[in-house]
Amino acid sequence: GREYLSSNNRQVRSRQLWGSEVYTEDSDVVAVLVHMGFINLTLIDSVASDIRSLSVQLKVLPLQASYVSSNSNNIRSRSWNSFDQEEARCSYSIKSCTASLVNGEDIKLYPAPGAFAIIPPTFV
């Protein structure tokens, strides 16, 4: 849904992501895409109506001993140092992201770590 590709996405605004480059399994994928720079929140509202869907390829990784917080693209991820071994099963990173447009064109998106955005940071 296009409602997730919005500068008002609740999961992004509430920073529902833990880690940096490698994220906890319960991190919101759209928030991670913003953090990594695949999606730019300053532009998304003007182009979201042109996007039919996003295809995101995840790389499943083992649990990490800890997940570090970092500021990237005006969103600060959260850190996480302990987890319940029985609840947490894996971590992930984003391998690739492709936008399928309503006109039938597919566009490969690339990360832009640390890119500057002009919206207010989520951590202020």
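Residues numbered from 1 in each chain as written. Predicted model: local features only at pLDDT ≥ 70, side-chain atom pairs only at ≥ 80, totals over all residues. Heavy atoms only, no water.

A. Focus on helix α2 (residues 29–36). Most of α2 sits out of view: seven of its eight residues are buried. Buried residues of α2: Val30, Ala31, Val32, Leu33, Val34, His35 and Met36, and no others. At the exit of α2 stands Gly37, carrying a positive phi of roughly 90°. (Buried < 20%, exposed > 50% of the residue type's maximum accessible area, 1.4 Å probe, protein only. Helix = DSSP H or I, 4+ residues; strand = E, 2+ residues; numbered from the N terminus.)

B. Up close: the environment of Glu25. Note that Glu25 resides in the loop between β2 (22–24) and α2. Glu25 sits 36 residues away from Leu61 along the chain, and the two C-alpha atoms are 9.3 Å apart.

C. Just the confidence of the model for the chain, in detail. When pLDDT is averaged along the chain, the result is 85, and 84% of the positions lie at 70 or above. Contacts from residues 117–124, a stretch scored under 50 in pLDDT, to residues over four places away or in other chains number 21 contacts. (pLDDT = per-residue confidence, 0-100. Contact = heavy atoms within 4.5 Å.)

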